[in-house]
Amino acid sequence: MTQRAKTETDGPEPDGNGNGGAGAAASGTATDAGAELDPVHPVRPPAPRFRPGGLNTAEVAERVARGDVNDVPVRSSRSTSEIVRANVFTRFNAIIGVLWLIMLFVAPIQDSLFGFVIIANTGIGIIQELRAKKTLDGLAVIGEAKPSVRRDGRTGEISTSEIVLGDVIELGPGDKVVVDGVLGQAEGLEIDESLLTGEADPVLKKPGDQVMSGSFVVAGGGAFTATKVGRAAYAAQLAEEASRFTLVHSELRTGISTILKYVTWMMVPTSIGLVVSQLVVKDSDVKDSIARTVGGIVPMIPEGLVLLTSVAFAIGVIRLGRKQCLVQELPAIEGLARVDVVCLDKTGTLTEGGMDVTELRPLDGEDGAYVEKVLGALGESDPRPNASLQAIIDAYPDNAEWRCTESLPFSSARKYSGASFSEGDGENNTWLLGAPDVLLPAGDPALEEIDALNEQGLRVLLLAHSARELDDPAVAHGVRPTALVVLEQRLRPDAADTLRYFADQDVKAKVISGDNAVSVGAVAGKLGLPGAQNTVDARELPDAKADMAEMLDGNAVFGRVTPRQKRDMVAALQSKGHTVAMTGDGVNDVLALKDADIGVSMGSGSEATRAVAQIVLLNNSFATLPSVVAEGRRVIGNITRVATLFLVKTVYSVLLAVLVVCAQVEYPFLPRHLTLLSTLTIGIPAFFLALAPNKERAKPHFVKRVMRYAIPGGVIAAAATFVTYLLARHHYTGVDSLQAETSAATLTLFLTSMWVLAIIARPYTWWRIALVGAMGGAFLLVLVVPWLQQFFQLRLEGDVMPWTAVGIAAAASVLIEFTFRRVDRWFPA
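None of these values were measured; they are calculated from a predicted model.

The next subject is the overall build of the protein chain. In terms of regular secondary structure, the protein chain is built from 27 helices and 21 strands. Expressed as a percentage of the 829 residues in the protein chain, the buried residues total 56%. Taking as baseline every contact in the protein chain between residues at least 6 positions apart, the subset at least 24 positions apart corresponds to 73%.

Residues Leu529, Ile615, Phe622 and Phe779 are the most contacted members of the largest nonpolar core, which totals 122 residues. Leaving out residues up to four positions away in the same chain, Phe622 has contacts with Leu344, Thr349, Leu350, Arg492, Asp494, Ala495, Thr498, Leu499, Phe502 and Met602. With 24 residues, the next largest nonpolar core counts Val341, Ala538, Ala549 and Met569 among its residues.

Quick look at helix H15 (residues 495-504) now. Buried within H15 are the following residues: Ala495, Ala496, Thr498, Leu499, Tyr501 and Phe502. In this structure, the buried side of H15 is in contact with strand E9 (341-344), strand E16 (508-512) and helix H21 (625-663). Positive backbone phi, at 60°, marks Asp506, one or two positions downstream of H15.

Below, the discussion takes up the packing of aromatic side chains. In the structure shown here, the tally under the stated rule is 11 aromatic pairs. Measuring from ring centre to ring centre gives 5.9 Å for Tyr370 and Trp402, while their planes differ by 50°; the resulting arrangement is tilted. Taken as a pair, Tyr370 in helix H11 (residues 368-381) and Trp402 in the loop between helix H12 (387-395) and strand E11 (403-411) lie far apart in primary sequence, 32 residues in all. Pairing Phe722 with Tyr725 gives two aromatic rings, centres 6.3 Å apart and planes at 55°, and the pair type is tilted. Of this pair, Phe722 and Tyr725 both sit in helix H23 (residues 702-731), 3 residues apart, which is roughly one turn of that helix.

On to the pattern of salt bridges. Any two side chains of opposite charge can pair, on the condition that their charged atoms come close. Taken as a whole and judged by the stated rule, the model has 22 salt bridges. Note that Arg468 and Asp472 form a salt bridge whose closest N and O atoms lie 3.9 Å from each other. Here Asp472 falls in the partly exposed class, since its relative accessible area comes to 26%. Members of the salt-bridge network, linked through shared partners, are Asp437, Asp537, Arg539 and Arg560.

So, on to the packing of helix H22 (residues 671-690) against helix H25 (residues 766-784). One way to put it is that H22 packs onto H25 with a least axis distance of 10 Å and a crossing angle of 160°. Classed by the angle they form, the pair H22 and H25 counts as roughly antiparallel. Judged by the twist between their axes, the crossing of H22 over H25 is right-handed. Listed contacts from H25 to Leu676, Leu677, Leu680, Ile684, Pro685, Phe688 and Leu689 of H22 are Trp767, Arg768, Leu771, Met775, Ala778, Phe779 and Val782. Grouping the amino acids of the contact of H22 with H25 by side-chain chemistry returns 13 nonpolar, no polar and 1 charged.

Before going further, it helps to examine the sheet that holds strand E21 (residues 615-617). Spatial ordering of the open sheet is given by E8-E21-E20-E19-E9-E16-E18-E17, a layout of 8 strands whose pairing is mixed. Strands with a single pairing partner mark the edges of an open sheet, and in this sheet they are strand E8 (325-327) and strand E17 (535-537). The average angle at which neighbouring strand axes cross in this sheet is 20°, direction not considered. With 4 bridges connecting them, strand E19 (residues 580-584) and strand E20 (residues 598-602) associate as parallel partners. Note on E20: the bridge partner recorded for Thr583 is Val600. Running at roughly 145° to strand E18 (residues 557-559), helix H16 (residues 517-526) makes contact with E16, E17 and E18 of the sheet.

At a closest axis distance of 8 Å, the pairing of helix H24 (residues 737-760) and helix H27 (residues 800-826) adopts a crossing angle of 30°. Relative to H27, the element H24 lies roughly parallel. Crossing handedness for the pair H24 and H27: right-handed. Together, Ala744, Leu747, Thr748, Leu751, Thr752, Trp755, Val756 and Ile759 of H24 and Met801, Pro802, Ala805, Val806, Ile808, Ala809, Ala812, Ser813, Ile816, Glu817 and Phe820 of H27 make up the contact between the two elements. For the contact of H24 with H27, the per-class residue count stands at 15 nonpolar, 3 polar and 1 charged.

Of all the 5 residues making up E20, 5 are buried; the element is thus mostly covered by neighbouring parts of the structure. On E20, burial covers both faces: Ile598, Val600 and Met602 on one face and Gly599 and Ser601 on the other are all buried. Judged from the 3 bridges that link them, E20 and E21 form a sheet pairing that is parallel. By the bridge assignment, Val600 is partnered in E21 with Ile615.

Turning our eyes to something else, we now look at the side chain of Ser813. Inspection of the secondary structure assignment puts Ser813 in helix H27. Given the relative accessible area of 9%, Ser813 is considered buried. In this structure, Ser813 is in contact with Leu751, Thr752 and Trp755, ignoring residues within four places of it in sequence.

Here H11 contains 14 residues, and its C-alpha end-to-end distance of 20 Å stays within 8% of the 20 Å for a straight helix at 1.5 Å per residue. Within H11, burial applies to Val371, Val374, Leu375, Gly376, Ala377, Leu378, Gly379 and Ser381. For H11, the N-terminal capping position is held by Asp367, with its side-chain oxygen 3.3 Å away from the main-chain nitrogen of Ala369.

Turning our eyes to something else, we now look at the environment of Asp515. By the element assignment, Asp515 lies in the loop between E16 and H16. Note on Asp515: relative accessible area 8%, which makes it buried. Residues Asp515 and Val460 lie 55 residues apart in sequence; the distance between their C-alpha atoms is 9.3 Å. Once residues within four sequence positions are removed from consideration, Asp515 is found in contact with Lys346, Thr347, Arg459, Gln489, Val520, Gly559 and Arg560.

Moving on to unusual backbone geometry. With an omega dihedral of -5°, the bond running from Arg762 to Pro763 counts as a cis peptide bond. With respect to the helices and strands, Pro763 occurs in the loop between H24 and H25. Notably, Lys415 is not glycine yet its phi reads approximately 75°, a positive angle. Mapped onto the secondary structure, Lys415 falls in the loop between E11 and strand E12 (416-422). Among the residues examined, Lys415 registers a relative accessible area of 9% and is labelled buried. Its identity as a non-glycine residue notwithstanding, Gln664 has a phi of 55°, on the positive side.

Summary statistics for the protein chain give a mean pLDDT of 79 and a share of 83% for residues scoring 70 or more. When the criterion is pLDDT under 50, residues 1-45 qualifies, and its contacts beyond four places in sequence or with other chains add up to 91 contacts. Here residues 238-248 scores under 50 on pLDDT; set against residues more than four positions off or in separate chains, the count is 30 contacts.

Another aspect to go through is the pairing of E19. Burial runs high along E19: 5 of the 5 residues are buried. Taking every second residue as pointing to the same face, both faces of E19 are buried, with Val580, Met582 and Gly584 on one and Ala581 and Thr583 on the other. In this structure, E9 lies alongside E19, joined through 3 bridges in parallel fashion. Directly across from Val342, in E19, lies its bridge partner Ala581.

It is worth spelling out a nonpolar patch on the surface at this point. Nonpolar side chains collect at one region of the surface, where Leu101, Leu104, Phe105, Ile109, Phe116 and Ile119 lie side by side and expose about 620 Å² of accessible area between them. Put simply, the parts of the chain that give the nonpolar patch at least two residues each are helix H3 (91-106) and helix H4 (113-143). Broken down by element, the nonpolar patch gets its largest block of residues, 3 residues, from H3. Ile109 gets classed as partly exposed once you look at its relative accessible area, which sits at 46%.

Calculation notes
Residues numbered from 1 in each chain as written. Predicted model: local features only at pLDDT ≥ 70, side-chain atom pairs only at ≥ 80, totals over all residues. Heavy atoms only, no water. Helix = DSSP H or I, 4+ residues; strand = E, 2+ residues; numbered from the N terminus. Buried < 20%, exposed > 50% of the residue type's maximum accessible area, 1.4 Å probe, protein only. Contact = heavy atoms within 4.5 Å. Core = buried A, V, L, I, M, F, W, Y, C linked by side-chain atoms within 4.5 Å. Phe/Tyr/Trp six-rings, centres within 6.5 Å; stacked < 30°, edge-to-face > 60°. Salt bridge = Lys/Arg side-chain N within 4 Å of Asp/Glu carboxyl O. Axes fitted to C-alpha atoms, helices over the stretch in contact; angles between N-to-C directions. Parallel < 35°, antiparallel > 145°, perpendicular 65-115°, else oblique. Left-handed = near helix turned anticlockwise from the far one by under 90°. Nonpolar A, V, L, I, M, F, W, Y, C, P; charged D, E, K, R; others polar. Pairing = 2+ DSSP bridges. Expected span 1.5 Å × (residues − 1). Polar contact = N/O pair within 3.5 Å; in protein donor to acceptor, adjacent residues only side chain to side chain. pLDDT = per-residue confidence, 0-100. Patch = residues over 30% accessible without salt bridge, like charges linked within 9 Å, V, L, I, M, F, W, Y side chains within 5 Å. Areas by Shrake-Rupley, 256 points an atom, 1.4 Å probe, with all protein chains shown as cover.

Take a look at the structure:
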């Protein structure tokens with residue numbers, strides 16, 4: 001079949017040297033060769049001449065040599081130097097580094113252990129994030145779309161970084177415009193520029209029109225000449241920002257930053273008071289006073305919390321990467337932990353991309369052989385067929401010598417495609433193929449037959465003859481039904497298990513599709529979706545957001561949804577306080593993916609969907625989603641838990657310092673004591689607990705949830721420890737009494753902190769019990785092994801005071817248990 005698009009540009013071909021073509025422009029300027037601007041009366045240069053065959057090899061090499069290449073680096077993660085700087089040069093590392101240097105000069109090495117711990121932790125953070133970077137960078141290359149470019153008269157796929165000025169780039173449905181250019185061919189080309197302008201309505205483009213990088217094709221096809229590449233392209237900066245591996249816009253990280261800000265405010269006056277009391281007020285050894293002052297300041301800093309959060313996120317990226325899941329924005333892992341509604345596009349998510357024609361039903365006595373010819377010609381008229389049309393092409397190859405005079409590609413907004421043919425006998429006919437309930441008026445007898453097929457989960461397309469021209473806005477009005485094409489969709493074998501997982505995890509699944517609602521409901525019912533029988537035709541949805549939200553909450557399946565409605569439905573669910581994830585693979589899903597809290601795209605989906613989604617399933621497996629959700633819940637749930645450990649330490653450290661200043665006594669601990677306590681009750685356990693399985697859906701108000709446990713826990717621990725210390729000061733006398741007093745206070749603080757750990761470690765499993773037991777056993781070793789006693793200066797003297805310390809710790813633990821159990825009642829989050 002010969003086909004000529006009505007909108008194709010006519011005109012003389014440029015010469016073989018590229019004169020007159022877009023490639024003649026240098027430095028991203030679109031001008032004809034030899035065109036000059038009058039400096040007095042400047043005139044806009046004419047649009048470049050379109051060269052259907054594209055550049056030749058010599059011209060490409062010439063442009064590469066002079067640097068006219070689309071060489072914008074696409075960064076999927078922070079650079080190595082940025083990772084090192086971010087982990088090393090932190091505010092708290094600077095504070096601890098200064099204190100560490102001081103301790104190296106004034107105290108034994110065991111009082112400087114906290115510095116080595118920070119070095120080790122920072123090193124772990126760097127290594128884990130570098131591993132995440134390697135995984136993510138590798139996946140980003142796999143997921144990168146390759147535009148189709150014409151060179152030497154042939155079309156081939158190349159990397160976006162290989163595009164040069166003047167290249168001819170083909171466009172089809174779902175393709176993203178990767179560089180700026182001018183259209184040379186357009187066949188019903190509709191481009192969505194919403195990512196650039198905010199306007200959701202697609203723009204019909206014609207030859208000579210500008211196309212901007214960052215926009216994407218909704219319908220139709222064409223080709224354009226690249227006139228701006230590299231950093232000169234409009235969306236170069238947008239592309240860099242969109243693909244960057246970021247740590248921003250995260251409630252978890254924002255909450256931690258807020259906590260650290262308040263900690264800093266508390267640290268400054270407390271530290272000053274501690275310094276004054278230990279160095280000026282108390283008449284004791286200067287080096288010992290400095291050591292105890294540092295011992296009071298260091299534990300106020302919850303430096304491990306920031307590090308552990310980064311490590312947990314980084315490990316999450318690695319785990320998902322191994323499952324062929326590309327995380328384009330780090331907070332997406334956290335966001336998925338909060339999801340309570342997931343909106344699924346049926347095609348490509350619940351069903352596989354391929355379809356099969358199961359039946360052709362001619363209507364009103366139409367000739368079956370002629371109908372097959374029409375279907376074959378329609379398939380040939382679309383250079384980029386969707387799944388439905390591809391099934392028709394496979395079933396009815398084109399054998400008719402008809403000439404296509406005009407074509408109308410499928411659009412999800414229209415719900416139909418079409419073409420006009422000169423059928424060789426003087427007949428010119430216009431045919432439409434699309435949704436029966438869109439092309440036919442309500443009450444048409446054919447719709448009853450179609451409804452019966454839809455109830456079986458079959459997809460039905462109507463072939464209709466139109467008496468109007470294809471470019472007539474009313475071409476679909478008054479059409480004559482000719483045949484029904486019955487298609488069967490291939491269900492994904494893993495979809496049922498995935499839907500069952502969401503139901504078990506209390507995540508509501510909403511199937512939102514452009515197909516017939518009854519048909520979609522039948523498919524969802526086969527997969528066991530709860531509420532699949534509750535189907536809604538989206539054309540009946542109310543416009544008011546509140547009313548729409550009510551209908552969305554009460555139903556599970558929605559058909560005949562337009563792209564704009566998908567976006568409205570996401571907004572309506574969000575207005576009800578839901579955290580919404582949206583999956584999709586077609587251009588009709590882009591706006592909804594962009595507005596959803598978490599956008600999830602299939603790897604085989606359009607370039608546009610992959611560009612706006614936070615998560616891309618490179619293996620195209622819907623079954624990967626439970627792993628992604630579980631990873632998000634594991635990360636945020638565990639970080640929320642272990643944050644309590646870190647902040648209890650901060651609270652009791654600040655309060656102990658205040659009590660010491662007010663009581664005008666020596667600070668009870670040396671840095672070595674608190675390093676030991678922090679390692680056994682926080683550092684080691686927190687690392688394992690942060691990586692443990694956790695299926696609990698994350699809840700909002702991170703700071704409030706953590707602090708309502710940390711503050712009472714820290715206050716009780718500080719009070720118990722200080723009471724033990726004061727009793728020990730009255731009990732012990734002599735020159736070496738301070739070591740005995742410190743040992744008693746350390747015992748109380750350790751036992752109290754261990755009970756906080758025991759609460760955080762719940763619910764108990766064998767390894768959690770073993771973890772808590774191992775930490776207790778390690779402390780017991782320090783108390784009984786002579787060289788460890790000497791190394792840490794911990795030795796319990798007598799029987800009265802050690803048992804008193806244990807009794808006070810037991811009372812404090814009972815009070816902590818009671819308080820933690822009542823927190824939800826006293827301070828609901």
